[in-house]
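Structural overview for review
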Amino acid sequence: TTSEFEEIAREWIQTARNPETGLLFTEMVYQPMLELLDYLRENDFETWIVSGGGIDFLRPWSAEIYGIPPQQVIGSSVRTSFAEEDGEPILLREAEIDFVNDKEGKPVGIQRHIGKKPIFASGNSDGDFQMLQYTTSGDSPSFGILLHHTDAEREWAYDRNSEVGKLDRGLDEAGERGWMVIDMAEDWNTVFPRD
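The structure contained in this document is the topic of the report that follows. Here, residues in each chain are numbered from 1, in the same order as that chain's written sequence. Local features in this predicted model are restricted to residues whose pLDDT is 70 or higher, and side-chain atom pairs enter the listing and the counts only when it is 80 or higher, whereas totals over whole chains, interfaces and linings include all residues. Heavy atoms throughout the structure, all of them, feed into the side-chain values; hydrogens and water do not.

Points about the overall build of the protein chain
Heads up, the condition is: Only runs of H or I of at least four residues qualify as helices and only runs of E of at least two qualify as strands under DSSP, and these elements are numbered from the N terminus. Put simply, the radius of gyration uses C-alpha atoms, and a globule should come to 2.2 Å times the residue count raised to 0.38. Note on classification: 1.4 Å probe, protein chains only; a residue is buried when its accessible area is under 20% of the maximum for its type, exposed when over 50%, partly exposed between these limits. Between two residues, a contact is recorded if the distance between any of their heavy atoms is within 4.5 Å. The Shrake-Rupley method, run with a 1.4 Å probe sphere, supplies the accessible areas, and residue values consider only the shown protein chains as cover. When charges are counted, Lys and Arg are positive and Asp and Glu negative, with His and the chain ends excluded. Each charge is placed at NZ for Lys, CZ for Arg, CG for Asp and CD for Glu.
Across its full length, the protein chain carries seven helices and six strands. Relative to the globule expectation of 16 Å for 195 residues, the C-alpha radius of gyration of the protein chain, 18 Å, shows essentially globular dimensions. Summarising its shape, the C-alpha atoms of the protein chain cover approximately 60 × 45 × 35 Å along the three principal directions. Residues counted as buried form 38% of the 195 residues belonging to the protein chain. Considering only residue pairs separated by 6 or more positions, the protein chain has 51% of its internal contacts joining residues 24 or more positions apart. Per element, the accessible surface of the protein chain, about 11,600 Å² overall, is 48% carbon and sulfur. Placing the 17 positive and 38 negative side-chain charges of the protein chain at their respective mean positions leaves the two points 4 Å apart.

Next comes the structure, spelled out in structure tokens:
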């Protein structure tokens, strides 16, 4: 059921550790990202997570870690159905993909959940390209940021040849599209809150 899956996600995020650092994954969120989210909210912006990851996995802990309530999380999803069990209504997760919120899917997911084009978006891979492209299109004021993972010492370095989180086209086109590229090693004094 969706409730059982939510409990599994909560238990995982409270206990899962990065195999290389030994730290809880919740200790490895980006301090500059948390500061930016706080700044945006202090200035009356709504903040949303738009991820290729599973929406049902992210929602149980997004408020605690990022200050983003579950209804402001957009992600990939599986089909869900209604059923009754012992006279009680339940929602069941089906073994079938409903929506993939990655690449071209991100602007579609934004429209489905938010209903309007954002004026600011930030990403860290070519999976975010279309979201930034959509956000910064047209004549309205807008801002796009790409985070370039260049810090192998404090985090890890990857971009064009990465198996996961590949950043290639974004690096090539960021300048002509007016997107800011943040160099993690050069631009961030702190990566994780523990630093």
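A closer look at the pairing of strand β6 (residues 180-183)
Here is the rule we go by: A pair of strands is labelled paired if DSSP reports no fewer than 2 bridges between them.
Two strands pair when backbone bridges link them, and strand β5 (residues 143-148) and β6 are joined in this way by four bridges, in the parallel orientation. The residue bridging Leu146 from the neighbouring strand is Val181, located in β6.

Comments concerning the environment of Ala121
Examined against the element boundaries, Ala121 turns out to sit in strand β4 (residues 120-123). The class for Ala121 is buried, based on a relative accessible area of 7%. Sequence-distant contacts of Ala121, that is, excluding residues within four places in its chain, are made with Met131, Leu132, Thr135, Phe143, Gly144 and Ile145.

Quick word on the sheet that holds β4
What counts, and what does not: Only the contacting stretch of a helix is used when fitting its axis, a line to C-alpha atoms as for every element, and angles between N-to-C directions run 0 to 180 degrees.
With respect to topology, three strands assemble into an open sheet ordered β4-β5-β6, the strand pairing being parallel. The two strands at the open ends of the sheet, each matched to only one other strand, are β4 and β6. Across the sheet, the axes of successive neighbouring strands diverge by a mean angle of 20 degrees, strand direction being ignored. Relative to β5, helix α6 (residues 169-177) is tilted by about 145 degrees, and along the sheet it contacts β5 and β6.

Things to note about the sheet that holds strand β2 (residues 73-85)
Within the open sheet, the three strands sit side by side as β1-β2-β3. Their pairing is mixed. What marks the edges here is a single partner per strand, and that holds for β1 (49-54) and β3 (88-99). Looking at each pair of strands side by side, their axes are set apart by 50 degrees on average, direction ignored. The pairing of β2 with β3 spans eight bridges and is antiparallel. Counted as the bridge partner of Glu84 is Pro89 from β3.

Here we look at the side chain of Asp128
Short version of the rule: In the analysis that follows, any N or O atom pair within 3.5 Å is treated as a polar contact, provided that within protein one partner can donate a hydrogen and the other can accept it, and provided that, for residues neighboring in sequence, both atoms belong to side chains.
Inspection of the secondary structure assignment puts Asp128 in the loop between β4 and α5 (129-135). A polar contact is formed between the side chain of Asp128 and the side chain of Lys106, at a distance of 2.3 Å.

A few points about the pattern of salt bridges
For clarity, the threshold we go by: Any carboxyl oxygen of Asp or Glu that lies within 4 Å of a side-chain nitrogen of Lys or Arg is treated as forming a salt bridge with it.
A complete count under the given rule lists 12 salt bridges for this structure. For Arg79, the salt bridge is made with Glu96, and the minimal N-O distance between the two is 3.0 Å. Taken as a pair, Arg79 in strand β2 and Glu96 in strand β3 lie far apart in primary sequence, 17 residues in all. Looking at Arg79, the relative accessible area reads 38%, which means it is partly exposed. On the basis of relative accessible area, Glu96 is assigned to the partly exposed category, the value being 43%. Two residues, Arg160 and Asp172, come together in a salt bridge whose shortest N-O distance is 2.9 Å. Of this pair, Arg160 sits in the loop between β5 and α6 while Asp172 sits in helix α6, and the two are 12 residues apart along the sequence.

Considering a negative patch on the surface
Where we set the bar: For patch detection, residues must exceed 30% relative accessible area and be free of salt bridges, and they are connected within 9 Å for like charges or within 5 Å for nonpolar side chains (Val, Leu, Ile, Met, Phe, Trp, Tyr).
On the surface, Glu4, Glu84, Glu85, Asp86 and Glu88 cluster together into a patch of negative charge. Of note, Glu85 is situated in strand β2.

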